[in-house]
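Each chain is listed here by its residues.
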Amino acid sequence: MVSCVVLAAGKGTRMKSDIPKVLHSLGEKTLLGCVLGKCGFCQEIIVVLGHGAEKVRSYVGKRFPKVKFAYQKEQLGTAHALMCAMDQVSGDLVLVIPGDMPLVERDSLLKVVETVRSGGYGAVLVCRLDDPTGYGRVILKDGKVAEVVEETEATPEQKGINLVNAGVYCFRRDVLEELLPLIKDDNSKGEFYLTDIASLMFERGMGLVPVEGKPHEGMGVNSRKQLAEVYRVMSLKKVEQLMDMGITVLSPENTFIDEEVEIGRDTVIYPFVFIHGKTILGSGCVIKPFCVIKDSKLGDGVIVNEHSVLEQVQAEDGVSIGPFARLRPGTVLKKGSRIGNFVEVKKSVIGENSKANHLAYIGDATVGKDVNIGAGTITCNYDGVKKHPTVIEDGVFIGSDTQLVAPVKVGRGSLVGAGSTITKDIPPDSLALTRAPLRVFEGKGMRYFKKKKYGIEE
Ligand code: UD1
Ligand code: CA
């Protein structure tokens, strides 16, 4: 059984922040959220809390309910943090991950664990970096890690080593129980460094096996600059994968797509697009600039025009959206339907080939096929206490500036005249109108008004 211990007690002094470091955000996720999302294969996960414990506990509790917690009262170093979790660890293998390493990959975690499971005492993820500044340097002897030297303790010569410790380890639990208590705080920071376990193990013939990961996996976040760099690398990595799969991303540096998003080939993504969460886009879609799409499923050939925001939307093939559309959770757009500019839709189904092209609010509505919803139409779905449904059947034409006061139903094939307020159900094939009669007063236009009120003669 594998127990995972995530170290998240540190203050993150270098972030200069009131927020615990591991809760800093990388787009829609936090650093810690990224890490926890990768270690789901472990039978047990323990997060070590300390600085900002209550905030971190409540964040984790809501999203990862199976996670357990340990508490490190004083932040005396990474070895001390792990020690604080040991009495809760029940697995025979212990995977240790720092909470500030969002780019580590699940496959690498599995590899580190597998290396120990197949007969080792411990393994550590290492990376080769062009600029190793700030990381622990890894010194190898006979294929094992002889020592990890922290930046602050390293000689100029050691600083030249570019093989660094990613801070991700797997140990046999009995090895930790024997050696953790031997780690001392006799270094420049006066902390108990977990990295000191490397030499203790090596001296006893139980040397840590290095497992080399990709360079970006080792990137930790200690400062705001590193946070931005990690975000850049993370975004670029996803975008590059997508391009390899036949998706056009016109400006990779300016496109932000979450790891779990799936996109079909020949879809074109313009710059400044954000796609988050469990989103699936079909093939041949076009996503124009400044769109945000979250947890949505779009079919093939869907066009999302500029500045549209979609959350929990389902759109079938050939749908057209925006520019400036706001589609809220529960929006279902059937084949070939169109939602145009400044239209807001919430928890509504828009039937095949129906359209709401301009300036409308459609909430809690079921709209049939081939319906035209005119500019300025509003479903008045809320009476101040409860929400009520609107039903618009197939082939209906709703004239501009109509209010549909829910609950209300407009029967198949009906025509609602512009400017109407519909307060009761309309039977099929009817014309519905609420109009004040038009009154015309000839000769009483602007010229008359200016003279009467201001004495201006023209
Ligand atoms: C650590 C490693 C370094 C490695 C780097 C990789 C040590 C001594 N050094 O350095 O070799 O290259 O990670 O990113 O381990 N934490 C606690 N309690 C503490 C101290 C830290 O829970 O008392 C947590 C922090 O919240 C953080 C993680 O442990 O999530 C790592 O600590 P950090 O201070 O960031 O270590 P680095 O200096 O980055
Ligand atoms: Ca760090």
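These numbers were taken from a predicted model, which means no experiment stands behind them. (Residues numbered from 1 in each chain as written. Chains lettered and ligands numbered in written order. Predicted model: local features only at pLDDT ≥ 70, side-chain atom pairs only at ≥ 80, totals over all residues. Heavy atoms only, no water.)

Check the secondary structure of the chain and you find nine helices and 39 strands. Its C-alpha atoms give the chain a radius of gyration of 31 Å, more than 25% over the compact-globule value 23 Å for 458 residues. In terms of overall dimensions, the chain has C-alpha extents of about 105 × 55 × 45 Å along its principal axes. Evaluated residue by residue, the chain yields a buried proportion of 48% over its 458 residues. Excluding contacts between residues fewer than 6 apart, the proportion of contacts in the chain whose partners are at least 24 apart in sequence is 41%. Of the accessible surface of the chain, which amounts to about 22200 Å², a share of 52% is contributed by carbon and sulfur atoms. A distance of 8 Å separates the average location of the 59 positive side-chain charges in the chain from that of its 57 negative side-chain charges. (Helix = DSSP H or I, 4+ residues; strand = E, 2+ residues; numbered from the N terminus. Rg over C-alpha atoms; globule rule 2.2 N^0.38 Å. Buried < 20%, exposed > 50% of the residue type's maximum accessible area, 1.4 Å probe, protein only. Contact = heavy atoms within 4.5 Å. Areas by Shrake-Rupley, 256 points an atom, 1.4 Å probe, with all protein chains shown as cover. Lys, Arg positive; Asp, Glu negative; His and termini not counted. Charge placed at Lys NZ, Arg CZ, Asp CG, Glu CD.)

All chains considered together, the criterion is met by one cavity of 30 Å³ or more. Space inside the largest cavity adds up to approximately 210 Å³. Along the wall of the largest cavity there are 16 residues; nearest its centre are Met 234, Ser 235, Ile 257, Asp 258 and Glu 259. Each of domain 1 (2-218) and domain 2 (224-432) contributes no fewer than three residues to the lining of the largest cavity. (1 Å grid on protein atoms, 1.4 Å probe; cavity = no way out; pocket = protein on both sides within 12 Å on 5 of 7 lines; lining within 4 Å. Points joined across faces, edges and corners; volume = space filled by probe spheres on them. Domains from an automatic or database assignment.)

Turning to the domain arrangement of the chain, a few remarks are in order. Looking at the assigned domains, one finds that the chain contains domain 1 (2-218) and domain 2 (224-432). Each of domain 1 and domain 2 has a C-alpha centre, and these two points are 44 Å apart. Summed over both partners, the interface of domain 1 with domain 2 buries about 1200 Å², with 63% contributed by carbon and sulfur atoms. Among the residues domain 1 hides against domain 2, the three largest losses belong to Leu 26, Glu 28 and Leu 103. Together they make up 41% of the total. If you look at where domain 1 meets domain 2, you find three salt bridges. For Lys 29, the salt bridge is made with Glu 260, and the minimal N-O distance between the two is 3.3 Å. If you look at where domain 1 meets domain 2, you find five residue pairs in polar contact (both at pLDDT 80 or more). Taken together, the residues of the side of domain 1 that touches domain 2 sort by class into six nonpolar, five polar and five charged. (Buried area = accessible area lost by both parts, 1.4 Å probe. Salt bridge = Lys/Arg side-chain N within 4 Å of Asp/Glu carboxyl O. Polar contact = N/O pair within 3.5 Å; in protein donor to acceptor, adjacent residues only side chain to side chain. Nonpolar A, V, L, I, M, F, W, Y, C, P; charged D, E, K, R; others polar.)

All right, on to the layout of surface pockets then. Volume-wise, the largest pocket comes out at about 1200 Å³. As for the largest pocket, its lining consists of 41 residues, and the residues nearest its centre are Arg 14, Lys 21, Thr 78, Asp 100 and Asn 222. Elements that contribute at least two residues to the lining of the largest pocket include exactly helix 3 (78-85), strand 6 (93-98) and strand 10 (163-172). Among the residues making up the lining of the largest pocket, the classes are represented as 14 nonpolar, 19 polar and eight charged. Each pocket or cavity is described by its volume, and for the second largest pocket that value is around 420 Å³. Forming the walls of the second largest pocket are 20 residues, and the residues nearest its centre are Lys 29, Gly 33, Cys 34, Gly 37 and Glu 259. Those elements that provide at least two residues to the lining of the second largest pocket are strand 3 (29-30), helix 1 (31-36), helix 2 (53-63) and helix 8 (224-244). Ranked by residues supplied to the lining of the second largest pocket, first place goes to helix 8 with three residues. Of the residues contributing to the lining of the second largest pocket, the split by class is seven nonpolar, four polar and nine charged. Two domains each put at least three residues into the lining of the second largest pocket: domain 1 (2-218) and domain 2 (224-432).

Further remarks concern the environment of Ser 223. Turning to its location among the elements, Ser 223 is positioned in the loop between strand 11 (209-212) and helix 8. When the C-alpha atoms of Ser 223 and Phe 171 are compared, they prove to be 29 Å apart, with 52 residues separating the residues in sequence. Apart from residues lying up to four places away in sequence, Ser 223 is in contact with Arg 14 and Met 15.

A few words now on the packing of aromatic side chains. What the rule picks out here adds up to six aromatic pairs. When the centroid spacing of 5.4 Å and the interplanar angle of 20° are considered together, the rings of Tyr 169 and Phe 171 count as stacked. Here Tyr 169 matches Phe 171 in class, with each residue buried. Aromatic side chains Phe 449 and Tyr 454 sit 6.4 Å apart centroid to centroid with 85° between the ring planes, which places their arrangement in the edge-to-face category. Through successive ring pairs, a cluster of aromatic residues spans Tyr 231, Phe 256 and Phe 274. Geometry around Phe 69 places Arg 57 over its ring, the cationic atom sitting 5.1 Å from the centre. (Phe/Tyr/Trp six-rings, centres within 6.5 Å; stacked < 30°, edge-to-face > 60°. Lys NZ or Arg CZ within 6 Å of the ring centre and 35° of its normal.)

A few words now on the coordination of the calcium ion (ligand 2). When four donors bind a metal tetrahedrally, each ideal donor-metal-donor angle is 109.5 degrees, and when six bind octahedrally, the ideal angles are 90 or 180 degrees. Distances from the calcium ion (ligand 2) to its protein donors, Asp 100 (OD) and Asn 222 (OD1), fall at 2.3 to 2.5 Å. Highlighted residues: Asp 100 in the loop between strand 6 and helix 4 (106-117) and Asn 222 in the loop between strand 11 and helix 8, separated in sequence by 122 residues. Comparing Asp 100 with Asn 222, the two get one shared label, buried. (Donors = N, O, S within 2.8 Å, 3.2 Å for Na, K, Ca; no water.)

This paragraph deals with the sheet that holds strand 23 (residues 313-315). Spatially, nine strands are ordered 14-17-20-23-26-28-30-33-36 in an open sheet, and the strand pairing comes out parallel. Both outer strands of the open sheet, strand 14 (262-263) and strand 36 (408-410), are each paired with one neighbouring strand and no more. Taken together, the two bridges between strand 14 and strand 17 (residues 280-281) define a ladder with parallel strand orientation. For Ile 263, the partnering residue across the bridge sits in strand 17 and is Leu 281. (Pairing = 2+ DSSP bridges.)

Moving on, we come to the pairing of strand 8 (residues 137-141). Alignment of strand 8 against strand 9 (residues 144-149), held across five bridges, turns out to be antiparallel. Paired with Lys 141 across the strands is Lys 144, a residue of strand 9.

Bringing the site of ligand 1 into the picture now. Not every one of the 24 residues close to ligand 1 is listed here, only the nearest: Gln 72, Gly 77, Thr 78, Glu 150 and Asn 165. Backbone polar atom of Leu 7 to an oxygen atom of ligand 1: 2.9 Å apart, as the coordinates give it. Within the contact set of ligand 1, a nitrogen atom lies 2.7 Å away from a side-chain nitrogen or oxygen of Gln 72. Under a 2 Å grid-point criterion requiring more than half of the atoms, the pocket assigned to ligand 1 is the largest pocket. If you list the elements that add at least two residues to the shell around ligand 1, you get helix 3 and strand 10. By residue class, the composition of the shell around ligand 1 is 10 nonpolar, 10 polar and four charged. (Near = heavy atom within 4 Å. Sits in = over half its atoms within 2 Å of the grid points.)

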